[in-house]
Amino acid sequence: MNATPLSRRALFKAAGLAGAAAVLPLAGCGSVPSSQNGVTTLRFMQNKPEVVGYFNQVIKDFEALNPDIRVIQDFNEGNFVPGLVRNDPPDVVTRGFAQATADFVRKGVFADLSDLPAASTIDPKIQDLVSSWGQYNGHETSALPFSLAAAGVIYRRDIFEAQGVSVPTTWDEFVAACEKFKAAGITPIYGTFKDNWTLGQGMFDYVAGGALDIAHFFARLTAKGAAISADAAESFTSNFGPALPKMLELASFSQKGAASKNYADGNAAFAKGQAAMYLQGPWALSQLVAANKNVRLGSFPLPVTNNPADTKVRVNVDMALSITRNTPNMAAARRFVSYLLDPSVVNTYNEKNAAFSPLKEAPAVENPQITGLAASVREGRYYQGATTYFPPSVPLYNYVQAFVYGKNGQQFLSALDDEWRRVAERTAV
Amino acid sequence: MTTTSEMAQASQPAASTVPSKATKRAVRSKNKIDPTYYWMVVPVLALFAFFITLPALVGVFFSLTNYAGYGDWKFIGLSNYVNIFRDPAILQSYIFTFVFALTTTVVVNVVALAIALGLNAKIKWRTGIRTVFFIPMVLSALVVSFVFNYLFSNTLPVLAERFGVTPLATSILANENLAWLAIVLVTVWQAAPGATIIYLAGLQSVPAEVYEAADLDGAGSFRQFLSLTLPLILGYLIINVILGFKGFLGTYEIIVGLTGGGPGMATQSVAMRIFSGFTGGDYSYQMANAVIYFLITLLISVIQLRLIQRRGVSL
């Protein structure tokens, strides 16, 4: 194998796994309670490097109230799987909740939190977004939502006002708005096709989520397992076909040369007013404001049909709190998670980060950048993006990009069916 | 007679053992290996075995399971291997990698030989120019590819538009049919200096007399190159081709920096697919892919070593 032109990192990783395998019997139950002088040390891993400052303050406040616990923050999510392999994972974890995290849940990595008092303060609709991925032992609550991000179309309020365009509520209105911008010499939508994830979580998720019942589709697809084929009623081919032309229509409203622009280019250009709309989630907002502090932004869910009641917004549980099952510091970890879910902590975080609080008693959103999405979120008219249901081993974003460039929908969907079947085949055995 | 025969009989065992002992000792003392060599080899061997061979064997072991890198797993026999042969995306990555490696090897060697001939000629500021040509070799491939990424995506389209070269007005990295040429170009830019050094060494080993003789015979410079230079540096050419081809089969960083495997699936190399197994929860499947790829590269290496031995060249 040494001659195999594996990347060096791959070799390191393999070496690490082997090393861990060798050390494992020695370490055995190597995780002893990490307490010194009666002070328990917790490791808290969170997935967003940009909010380290906020959590440092939260930890400081928590430690002042709980002098017997010390919390260390780790924002390198990449350490998580190696931690599991070493049998030394962090005690408390926040992760974006999607297929990969759901897989940890199904493998029983996390402890049950259903008896935590804070669990009952969470909006059951939002808790459902987590539990719909499957629960360990069929009933456990492995993760509690901390932050819900809603993504739609970010638009420049100034350009909309100057052109006399109001927020579209149907697909036809949306197309008409794009045509109007185009006629006025304004690029309707800024495209960043070079970063293929922006196509996946943007136009693919929006169009698919607006046209189909995504959760229902993937539930049926998963139930079918490895028996899926392109002509089955549950397949991508049989369900996604009618939605695809709308993706190409969205792509055609993008600027010339979108294929050579990436996410960073897009943020800079959109903040400078080079387009009226941008298919991005709330994570782009702070970047846009950083590029132009006077930019006036709003968001609306992309209407995909001509019935305004159908319009839904793409959401993802951007942070969900979990405690690793084998932590020796369970009591301290539970106290920390309860503190994080205190309304003052969780609501403040979401207010500051243009996200939605998962609590039942959450205050109404006032940030004008996302107020346009609030009604959909409040009424539960939302879906988790189709891309989040895919196992990471499927290079889905590459397929989406190939479709947008090559415009061959038939090939795209049958490739998805094949990939899905192959993953099902090899994980089901 | 009897005495001699008796003596011979008596002395036979002695005679046969004593000299054999002596020869053994002589052989041993002649072949006695200085323990220092063991001190040098054994630790390296142990480190190599522990950090490379053992993990590789662990990888082979897990390729027979459905292990995701964590959590529960069980043996599934050879089905990972069977599934790889039925996976068109994997097969496509093999085709891409081999076409890429072949093309790049040819281009690198043509370019490097041309540069080496130029740098070996009597030109002004030869040392300075040589240094300039070797700079790409000391730069990290990732840095080089990010710089080229910027050039292809931003600078080149602007220039092309200004001068009316419409085919280049959009980034070639965004073109599924041309993106691989960009990767070949950057790889050649990065790899040619290394090959040039080897060719320069080869060219300097050719004695000047043969050219003088050829001049007297009235051979032109092209004829000299074809009939003299090329046969005399053939060993260096073979080394360059073999080392280059093996290296390009493992191409990774430059693709990551330029296209990330896109656009679409156009530039996914085998090494990229294998590495995706670590992040994608697809560890055992891609481990099986790695084993297959190892066997293929092993086969190629054996064939190449045979070729070398036939040519009488040693690496």
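Residues numbered from 1 in each chain as written. Chains lettered and ligands numbered in written order. Predicted model: local features only at pLDDT ≥ 70, side-chain atom pairs only at ≥ 80, totals over all residues.

Trainee: I keep staring at the overall build of chain B and nothing clicks. Help me out?
Mentor: A count of helices and strands for chain B gives 13 helices and 0 strands. Across the 315 residues that make up chain B, the buried fraction comes to 33%. (Helix = DSSP H or I, 4+ residues; strand = E, 2+ residues; numbered from the N terminus. Buried ≥ 20, exposed ≤ 12 C-beta atoms within 10 Å, placed from the backbone.)

Trainee: Is there a simple way to explain the pairing of strand β2 (residues 39–45) of chain A in this structure?
Mentor: In summary, the side chains of a regular strand alternate between the two faces of the sheet. Residue and element names in this part refer to chain A. β2 sits mainly inside the fold: 5 of its 7 residues count as buried. Crossover handedness for the path β2 to helix α2 (residues 52–65) to strand β3 (residues 69–74): right-handed. Note that β2 and strand β4 (residues 92–95) share 2 bridges and pair parallel. Residue pairing for β4: M45 is matched across the bridge by V93. (Right-handed = clockwise from strand over helix to strand, strands pointing away. Pairing = 2+ DSSP bridges.)

Trainee: Help me out: how do you make sense of the interface of chain A and chain B in this one?
Mentor: You'll often see interface size given as the accessible area lost when the parts meet. Tallying the contact residues gives 41 residues for chain A and 49 residues for chain B. A per-element tally of the side of chain A that touches chain B places helix α1 (residues 8–27) of chain A first, with 8 residues. In terms of residue class, the side of chain A that touches chain B is built from 22 nonpolar, 11 polar and 8 charged. (Contact = placed C-beta atoms within 7 Å. Nonpolar A, V, L, I, M, F, W, Y, C, P; charged D, E, K, R; others polar.)

Trainee: Explain the domain arrangement of chain A here, please?
Mentor: All names here are of chain A. Each assigned domain of chain A is listed with its residue range as follows: domain 1 (30–150 + 316–374) and domain 2 (151–314 + 386–428). With centres defined by C-alpha atoms, the gap from domain 1 to domain 2 works out at 29 Å. Tallying the contact residues gives 14 residues for domain 1 and 18 residues for domain 2. Every element with two or more residues in the side of domain 1 that touches domain 2 is listed here: α4 (99–106), β5 (144–151) and α16 (371–378). Grouping the constituent residues of the side of domain 1 that touches domain 2 by class yields 9 nonpolar, 5 polar and no charged. (Domains from an automatic or database assignment.)

Trainee: Looking at this model, I keep getting lost on the sheet that holds strand β8 (residues 277–278) of chain A. Mind explaining?
Mentor: Adjacent strands of a sheet pair through backbone hydrogen bonds, lying either parallel or antiparallel. Residues and elements named next belong to chain A. A sheet is described by the order of its strands in space; here 4 strands give the open sequence β7-β8-β6-β9, paired in mixed fashion. Each edge of the sheet is formed by a strand with only one pairing partner; in this case those strands are β7 (189–190) and β9 (297–300). Sheet analysis places β7 next to β8, joined by 2 bridges and oriented parallel. Residue I189 lies in a different strand from β8, and its bridge partner there is M277.

Trainee: So what exactly am I meant to see when it comes to the environment of F204 of chain A here?
Mentor: Residues and elements named next belong to chain A. Along the polypeptide, F204 turns up in helix α8 (residues 196–211). When the 29 C-beta atoms within 10 Å are taken as the criterion, F204 is described as buried. Sequence separation between F204 and Y397 is 193 residues, and the spatial gap between their C-alpha atoms is 9.4 Å. With residues up to four places along the chain from it excluded, the contact list for F204 reads L199, M247, A386, T387 and V400.

Trainee: So what exactly am I meant to see when it comes to unusual backbone geometry here?
Mentor: Phi is mostly negative for residues that are not glycine, and the peptide bonds are mostly trans. Residues and elements named next belong to chain A. Unlike most non-glycine residues, N137 shows phi in positive territory, near 60 degrees. Take N137: it is sitting in the loop between α5 (124–131) and β5. Positive phi, close to 50 degrees, is recorded for A354, a residue that is not glycine. Mapped onto the elements of the fold, A354 is located in the loop between α15 (343–352) and α16. Take A354: there are 22 C-beta atoms within 10 Å of it, and that puts it in the buried class.

Trainee: Which parts of the structure should I look at to understand the environment of A232 of chain A?
Mentor: Residues and elements named next belong to chain A. The residue A232 is located in the loop between α9 (214–224) and α10 (236–240) in this model. Considering only alpha carbons, one finds A232 and L221, 11 residues apart in sequence, at a separation of 9.7 Å. Ignoring anything within four residues of it in the chain, the contact list for A232 reads K224 and S238.

Trainee: Whenever I open this one, the nonpolar core confuses me. Can you help?
Mentor: The tendency in soluble globular proteins is for nonpolar side chains to be buried side by side. Among the nonpolar cores identified, the biggest contains 179 residues, and A150, F336 and V337 of chain A together with I183 of chain B are the most heavily contacted of them. Among the elements that line this core, the one with the most residues is helix α7 (residues 179–204) of chain B, at 12 residues. When residues of this core are assigned to domains, at least three fall in each of domain 1 (30–150 + 316–374) and domain 2 (151–314 + 386–428) of chain A. Those residues within four positions of I183 of chain B in sequence are excluded, and the remaining contacts are F100, I254, I255, L258, T259 and T267 of chain B. (Core = buried A, V, L, I, M, F, W, Y, C linked by C-beta atoms within 7 Å.)

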